[in-house]
Amino acid sequence: MEINKYILFSLSIVLIFGNNIVESFDYLEKELETEEGLQGMYDRWRSHHKVQQKSPERFNVFKYNVQRVHASNKQNKPYKLELNKFADLTAHEIQSKYTDKVGHYLALQGSMKKKNVTFTYKDAKNLPPRIDWREHNAVTPIKNQGQCGSCWAFSAVAAVESINAIRTGQLIKLSEQQLVDCDSEISNGCNGGLMEPAFKYIVEHGGLATEESYPYTATHNACDQSKFGHHSVTLNGQEYTDGTEDQLMKAVAHQPVTISMEATNENFFMYKEGIYSGPCGLNINHAMTIVGYDETPEGQKYWIVKNSWGEGWGEKGYVRVLRGVAPPEGLCGINTCAAIPLKDANTPNCEL
């Protein structure tokens, strides 16, 4: 048959997660052979992702990313890439619009680990071989930060939502926008920030509003106390790990944890599925939340990481990141900046 001459690359095969089906973008290898084929692919991609802008420059970027994705997927890597919504953007553009200046704020703030006098889970033993907090009704659905460098707020809020669910049995969506607008001591809204000051803000200001009361706008606005609403989720404080995988695993075995790592290249931006293994360095610039860990039947260990780029990215919004690597910092520095929100079971939430 004619179709046998071509390889249908499953850069975007149908992914099935429970009852949810996400269709992503497919292409034929034949389309890579001519400018006309690439132009047709570009137009199909724009229609698929509902991208309005079109220009020779965007087309050039798209072609560059197509070649990188195609070449990467032909290699024997434990993960695959796809032509997702970022495919007509350069790595610099994606980084400036969708990541954060976590490393910048960490440098300004100085080491926060030295202030940590305790680690609640230090002596934890007999950790489960796997944990996925999504299976315990302790993780809210994937959210989308949009073109705002607020990953720090999404990372912090995801961890707070989870510890509140674990302690109270109530899984409540909380407000990233309150942190973007109101947590300004160190963080700077859409221009980046840190999770540790966000936890401090929640403790010192009596809690965090619900998403319903203070909805997300993907912009940095004046703090609006009228949107704090009538219900606020509280914290008792926070802790940090010592930057090792051992302590990070102990923490994640008990609750989801905020982390920061390097996300600076097309391999991460175009990630589709599998165990992400780099390449990457230690230029910390993106915050996410670890919600579990596991390993493949072949014994490849990984973290289950919740991102804030919408369900259309990665494994329905998640990325599995290789763990158990030799460098103590972990892959892409994932072990180095973990922060843990604390909430006692006896600490009530506030009705304002």
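The structure we're discussing is the one just above.
Residues numbered from 1 in each chain as written. Predicted model: local features only at pLDDT ≥ 70, side-chain atom pairs only at ≥ 80, totals over all residues. Heavy atoms only, no water.

S.K.: Lay out the state of the cysteines in plain terms, naming residues and giving numbers.
M.R.: Summed over all chains, the structure comprises three disulfides. The disulfide partner of Cys-182 is Cys-223, and the gap between their sulfur atoms is 2.0 Å. An S-S torsion of about 90 degrees defines the bridge between Cys-182 and Cys-223 as right-handed. Separated by 41 residues along the polypeptide, Cys-182 in helix H6 (residues 176-182) and Cys-223 in the loop between strand S7 (208-209) and strand S8 (231-233) bring together distant segments of the chain. Cys-223 sits in the partly exposed class, given a relative accessible area of 37%. What pairs with Cys-280 in a disulfide is Cys-332, and their sulfur atoms sit 1.9 Å apart. On the S-S bond that ties Cys-280 to Cys-332, the torsion sits near -80 degrees, and the link is left-handed. Of the two residues, Cys-280 sits in the loop between strand S11 (271-276) and strand S12 (286-295) while Cys-332 sits in the loop between strand S14 (318-322) and strand S15 (339-342), which places them 52 residues apart along the sequence. Residue Cys-280 is classed as partly exposed on the basis of its relative accessible area, which comes to 29%. By relative accessible area, Cys-332 is classed as buried at 3%. (Disulfide = S-S within 2.5 Å. Helix = DSSP H or I, 4+ residues; strand = E, 2+ residues; numbered from the N terminus. Buried < 20%, exposed > 50% of the residue type's maximum accessible area, 1.4 Å probe, protein only.)

S.K.: I'd like a rundown of the packing of helix H5 (residues 151-168) against helix H7 (residues 195-204), residues and numbers included.
M.R.: When two helices pack together, their arrangement is given by the angle between the helix axes and by the axis-to-axis distance. Look at H5 against H7: their axes get within 9 Å of each other, and the N-to-C directions meet at 55 degrees. The angle between the axes of H5 and H7 places the two elements in the oblique class. Considering only the axes of H5 and H7, their crossing is right-handed. In this structure, H5 contributes Trp-152, Ser-155, Ala-156, Ala-159 and Val-160 to the contact, and H7 contributes Met-195, Ala-198, Phe-199 and Ile-202. (Axes fitted to C-alpha atoms, helices over the stretch in contact; angles between N-to-C directions. Parallel < 35°, antiparallel > 145°, perpendicular 65-115°, else oblique. Left-handed = near helix turned anticlockwise from the far one by under 90°. Contact = heavy atoms within 4.5 Å.)

S.K.: Summarise the sheet that holds S8; cite the residues concerned and give the values.
M.R.: A sheet is described by the order of its strands in space; here three strands give the open sequence S7-S8-S16, paired in antiparallel fashion. The open sheet is flanked by S7 and strand S16 (350-351), the only strands paired with a single partner. (Pairing = 2+ DSSP bridges.)

S.K.: With reference to specific residues and values, describe the nonpolar core.
M.R.: Residues Leu-83 and Phe-268 are the most contacted members of the largest nonpolar core, which totals 65 residues. Counting residues in each nonpolar core, the second largest holds 27 residues, with Ile-172, Cys-182, Phe-228 and Ala-287 among its members. (Core = buried A, V, L, I, M, F, W, Y, C linked by side-chain atoms within 4.5 Å.)

S.K.: Could you give me a rundown of the environment of Ala-198, with the residues and numbers involved?
M.R.: As for its placement among the helices and strands, Ala-198 is situated in helix H7. Judged by relative accessible area, Ala-198 falls into the buried class, the value being 0%. For the pair formed by Ala-198 and Ala-156, sequence separation is 42 residues and the distance between their alpha carbons is 6.7 Å. Ignoring any residue separated from it by four or fewer positions in sequence, one finds Ala-198 in contact with Trp-152, Ala-156, Leu-179 and Asp-183.

S.K.: So what's going on with H7? Residues and values would help.
M.R.: Across the ten residues of H7, seven count as buried, placing the element largely inside the fold. Where H7 is concerned, the buried positions are Met-195, Glu-196, Pro-197, Ala-198, Phe-199, Tyr-201 and Ile-202. Phi turns positive, to about 80 degrees, at Gly-206, one or two residues after H7.

S.K.: So what's going on with the side chain of Arg-323? Which residues, and what values?
M.R.: Relative to the elements of secondary structure, Arg-323 occurs in the loop between S14 and S15. One buried charge, Arg-323, has no salt-bridge partner; the nearest side chain with opposite charge is Glu-245, at 4.3 Å. Ignoring any residue separated from it by four or fewer positions in sequence, one finds Arg-323 in contact with Pro-129, Glu-245, Met-249, Tyr-293, Asp-294, Lys-301, Tyr-302 and Trp-303. (Lys, Arg positive; Asp, Glu negative; His and termini not counted. Salt bridge = Lys/Arg side-chain N within 4 Å of Asp/Glu carboxyl O.)

S.K.: Run through unusual backbone geometry, naming residues and quoting values.
M.R.: Looking along the chain, the bond that leaves Gly-278 and enters Pro-279 is cis, with omega of 10 degrees. Within the fold, Pro-279 resides in the loop between S11 and S12. Even without being glycine, Lys-316 reaches a positive phi, approximately 55 degrees. Position of Lys-316 relative to the elements: it lies in the loop between strand S13 (301-306) and S14. Given the relative accessible area of 12%, Lys-316 is considered buried. Non-glycine residue Cys-332 carries a positive phi angle of around 60 degrees.

S.K.: Any chance you could break down the pattern of salt bridges for me, citing the residues and the numbers?
M.R.: Under the defined criterion, the tally for this structure stands at 18 salt bridges. We note a salt bridge from Glu-35 to Lys-63, for which the minimum N-O separation is 2.8 Å. Of this pair, Glu-35 sits in helix H1 (residues 35-49) while Lys-63 sits in helix H2 (residues 56-73), placing them 28 residues apart in sequence. In this structure Lys-63 comes out as buried when scored by relative accessible area, which is 18%. In this structure, Glu-161 and Lys-143 form a salt bridge, with 2.7 Å as the shortest nitrogen-oxygen distance. Taken together, the residues span a long stretch of sequence, with Glu-161 in helix H5 and Lys-143 in the loop between strand S6 (131-132) and H5 at a distance of 18 residues. Given the relative accessible area of 1%, Glu-161 is considered buried. Owing to a relative accessible area of 12%, Lys-143 belongs among the buried residues under this scheme. Each of Lys-143, Glu-161, Glu-176 and Glu-211 takes part in salt bridges that share partners, so that together they form one network.

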